Amino acid sequence: NKRIKIKALLQTEQTGEEVTVMGWVRTFRNNQFIALNDGSTNNNLQVVVELGLLDEATLKRITTSASLKVTGEVVASVGKGQKVELKAKAVEILGDCDAEKYPLQPKKHSLEFLREIAHLRFRTNTFGAVFRIRHSLAFAVHKFFNDKGFVYLHTPIITASDAEGAGEMFRVSTLPFDNPPRTEAGAIDFTEDFFGKSTNLTVSGQLEGELGATAFSEIYTFGPTFRAENSNTTRHLAEFWMIEPEMAFCDIEDNMNLAEEFIQYLISYAMEHNADDLAFLDQRLAEEEKQKPQAERSEFGLLEKLRFVTGNKFERITYTEAIQILLDSPAYKKKKFKYEVGWGIDMQSEHERYLVEKHFKKPVIVTNYPAAIKAFYMRLNDGCEPGRETVAAMDILAPGIGEIVGGSQREERLQKLEDRMKAMHIPVEEMSWYLDTRRFGTVPHAGFGLGFERMVQFVTGMTNIRDVIPFARTPKNCEF
Ligand code: ATP
Ligand code: MG
Ligand code: MG
Ligand code: MG
């Protein structure tokens, strides 16, 4: 018998065929109607069990989350919402489920509760939708770059370099926990380690990506990234996935255009391939908004927001303009911001969200940040006022999230790069491999990093980043 996934079955027009489906029971009504789900869609298949097909003992075992194999005939459905249903000819119980012990009930659970039973949450409609969308977006990432002729480059997870210089690295070591070898000065002696030096988990594949770009012209990485940040926010994880394209013969302008096109492509892809799941999340969010007091409700629904973002250009402003807008804002004047605002100070998420949600009401690309608050590899802008040096950086800020992309044109001029590294106390000799890209046929090049989970948050409307990654790693949270 032909085994078929429920999503495909529900789309069929053809009745009379005999098929086999496998899945988990969501509900069982009147000893007759099984709502069966196999994770391919949130829409359950109605399985009709006619009187007399199964004995009393078997009927009792059809409980929520028991797993079944059902063979039957595809028949037209008289019920609303589905074209076809399955008239069962044989029902086999593959695995029983003790309804008393099963923590998920056929009702809506809070996200907080579901986070506590994160190992089972894939079985809910909300997380089914979120993770199918996440899957689609990951697929779309590869499709987008492959269609453009970019090479997918795998950059290392274990690395000796700290691309961001932010000191947020997880150490990797094979040295014994107790009594590791020490140098004469008493520090742990990493030369005795498997790697012969102090190594860490990557915080970004960019520097290695630049090596690829200066050979293949255009590459992208898409892999796990690690940051030991002790921040308990709704936008930070200790382990997250980042997409980092890097392009030779590319300036900051091309870089912004590509990033904008990429974000719009990903959203369009999900809207085309995950229409059902997005409609479900849109509805879910609308219900949640209704619970809030009028003043706190968001102006747009999820689908409205996504449609708007794909159909409109992002706003582009300089950092200097952004700071001016913030200083002129009613929020600043009424002292509503928790963190300081001023030229030379990094913007916090509250400032970024003010710009996108209150001021422009659309995604915003901020360029030309002060050199002092950005990484060493970003290209120094020519002709800056002394004391007001800026770099060709660009951050994309999204409504509901804040920073979603960080990128820049890279400093391709060897001397300027070395000077900046020295000024920032970055060991130039150790990074000689990196500087070779500038020594041997240097070219203007640029790239950006898109936080994949923040993108998934944006598309699904989930407010907490822990709810868009299958297994969240946050401070003090590593149960499995
Ligand atoms: P933030 O200011 O939000 O801490 P960042 O400026 O430190 O971000 P970048 O080094 O610019 O981050 O990394 C590029 C992108 O990776 C960010 O724009 C964001 O989308 C994502 N990102 C950074 N840190 C995290 C994290 N801890 N968890 C999830 N995504 C992250
Ligand atoms: Mg950070
Ligand atoms: Mg930032
Ligand atoms: Mg950044």
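Presented here is a report on the structure given in the accompanying data block.

Procedures and definitions
- Residues numbered from 1 in each chain as written.
- Chains lettered and ligands numbered in written order.
- Predicted model: local features only at pLDDT ≥ 70, side-chain atom pairs only at ≥ 80, totals over all residues.
- Heavy atoms only, no water.
- Helix = DSSP H or I, 4+ residues; strand = E, 2+ residues; numbered from the N terminus.
- Contact = heavy atoms within 4.5 Å.
- Areas by Shrake-Rupley, 256 points an atom, 1.4 Å probe, with all protein chains shown as cover.
- Salt bridge = Lys/Arg side-chain N within 4 Å of Asp/Glu carboxyl O.
- Buried < 20%, exposed > 50% of the residue type's maximum accessible area, 1.4 Å probe, protein only.
- Pairing = 2+ DSSP bridges.
- Axes fitted to C-alpha atoms, helices over the stretch in contact; angles between N-to-C directions.
- Patch = residues over 30% accessible without salt bridge, like charges linked within 9 Å, V, L, I, M, F, W, Y side chains within 5 Å.
- Near = heavy atom within 4 Å.
- Polar contact = N/O pair within 3.5 Å; in protein donor to acceptor, adjacent residues only side chain to side chain.
- Nonpolar A, V, L, I, M, F, W, Y, C, P; charged D, E, K, R; others polar.
- Expected span 1.5 Å × (residues − 1).
- Phe/Tyr/Trp six-rings, centres within 6.5 Å; stacked < 30°, edge-to-face > 60°.
- Lys NZ or Arg CZ within 6 Å of the ring centre and 35° of its normal.

Here we come to the overall build of the protein. Scanning the protein from N- to C-terminus turns up 14 helices and 17 strands. Projecting the C-alpha coordinates of the protein onto the three principal axes gives extents of approximately 85 × 55 × 45 Å. Sequence-distant contacts in the protein: of pairs separated by 6 or more residues, those separated by 24 or more amount to 68%. With an accessible surface of roughly 24000 Å², the protein has 51% of that area assigned to carbon and sulfur atoms.

Let's shift gears to the pattern of salt bridges. Considering all chains together, one arrives at 26 salt bridges under this definition. Linking Lys2 and Glu17 is a salt bridge whose minimum nitrogen-to-oxygen distance equals 2.9 Å. Placement of Lys2 in strand 1 (residues 2-3) and of Glu17 in the loop between helix 1 (6-11) and strand 2 (18-29) is noted, with a sequence separation of 15 residues between them. Lys2 gets classed as partly exposed once you look at its relative accessible area, which sits at 46%. Ionic pairing is found between Glu289 and Lys292, a salt bridge with its closest N-O pair at 2.8 Å. In this structure Glu289 comes out as buried when scored by relative accessible area, which is 16%. On the basis of relative accessible area, Lys292 is assigned to the partly exposed category, the value being 31%. Shared partners join several salt bridges into a network, and the residues in it are Arg379, Asp382, Glu411, Glu412 and Arg413.

To summarise the sheet geometry, strands pair through backbone hydrogen bonds and adopt either a parallel or an antiparallel arrangement. Strand order across the open sheet formed by eight strands is 7-11-12-17-16-15-14-13, with mixed pairing between neighbours. The open sheet has two edge strands with one neighbour each: strand 7 (151-152) and strand 13 (315-318). The sheet contact formed by strand 14 (residues 364-370) and strand 15 (residues 390-398) spans six bridges and is antiparallel. Note on strand 15: the bridge partner recorded for Pro370 is Thr390. Against the sheet, helix 9 (residues 319-328) engages strand 13 and strand 14, with an angle of about 95° to strand 13.

Together, Ile157, Ile158, Phe194 and Phe195 line one region of the surface with nonpolar side chains, adding up to about 380 Å² of accessible area. Along the polypeptide, Ile157 turns up in the loop between strand 7 and strand 8 (158-159).

If you trace the three strands from one edge of the open sheet to the other, you get 8-10-9, paired in antiparallel fashion. Each edge of the open sheet is held by one strand with a lone partner, namely strand 8 and strand 9 (171-172).

Take the site of ligand 1 next. Neighbouring residues of ligand 1: 16 residues in total, closest Glu229, His236, Glu403, Ile404 and Arg454. At a separation of 2.8 Å, an oxygen atom of ligand 1 approaches a polar backbone atom of Ile404. With the chains in place, 84% of the 580 Å² that ligand 1 exposes on its own is no longer accessible. For the shell around ligand 1, the secondary structure elements donating two or more residues are strand 12 (239-248), strand 16 (402-409) and strand 17 (445-451). By residue class, the composition of the shell around ligand 1 is six nonpolar, four polar and six charged.

Along its twelve residues, helix 11 (residues 349-360) runs 15 Å from first to last C-alpha, staying within 8% of the 16 Å computed at 1.5 Å per residue. Three or more residues of helix 11 are buried, namely His351, Glu352, Tyr354, Leu355, Val356 and Phe360. Looking one or two residues beyond helix 11, the residue adopting positive phi is Lys361, at roughly 55°.

The buried fraction of helix 14 (residues 452-460) amounts to nine of the nine residues, a majority that puts the element mostly inside the structure. Within the sequence span of helix 14, burial applies to Phe452, Glu453, Arg454, Met455, Val456, Gln457, Phe458, Val459 and Thr460. Gly461 sits one or two positions beyond helix 14 and adopts a positive phi of about 75°.

Right, let's get into the pairing of strand 16. For strand 16, a buried count of six out of eight residues is recorded, marking the element as mostly surrounded by other parts of the structure. The pairing of strand 15 with strand 16 spans six bridges and is antiparallel. The residue of strand 16 that forms the bridge with Asp395 is Gly406. Hairpin geometry of strand 15 and strand 16 is characterised by an intervening segment of three residues between the two adjacent antiparallel strands and by a positive phi of about 80° at Gly400. Where strand 16 meets strand 17, five bridges bridge the pair, whose relative direction is antiparallel. Following the sheet pairing, Gly406 is matched in strand 17 by Gly449.

Look at Ser65: it is not a glycine, yet its phi comes out positive at around 80°. You can see Ser65 is positioned in the loop between helix 2 (56-61) and strand 5 (67-76). For Lys476, which is not glycine, the phi dihedral falls at a positive 65°. Inspection of the secondary structure puts Lys476 in the segment after helix 14. Judged by its relative accessible area of 90%, Lys476 falls in the exposed class.

Our next topic: the packing of aromatic side chains. In total, this model carries 24 aromatic pairs according to the counting rule given. Geometrically, the ring pair formed by Phe145 and Tyr220 is stacked, given 4.7 Å between the ring centres and 20° between the ring planes. Placement of Phe145 in helix 4 (residues 125-147) and of Tyr220 in strand 11 (residues 218-226) is noted, with a sequence separation of 75 residues between them. There is no split in this pair, since Phe145 and Tyr220 are both buried. Note on Phe194 and Phe195: the rings are 5.0 Å apart at their centroids and 80° apart in plane angle, and the pair reads as edge-to-face. Take Phe194: its relative accessible area is 65%, and that puts it in the exposed class. Here Phe195 falls in the partly exposed class, since its relative accessible area comes to 37%. In this structure an aromatic cluster arises from ring pairing among Phe139, Phe144, Phe145, Phe150, Tyr152, Tyr220, Phe262, Tyr265, Tyr269 and Phe448. The lysine or arginine in question, Lys305, covers the ring of Phe458, its NZ or CZ lying 4.1 Å from the ring centre. For Lys374, the ring lying beneath its charged end belongs to Tyr369, and the centroid distance is 4.2 Å.

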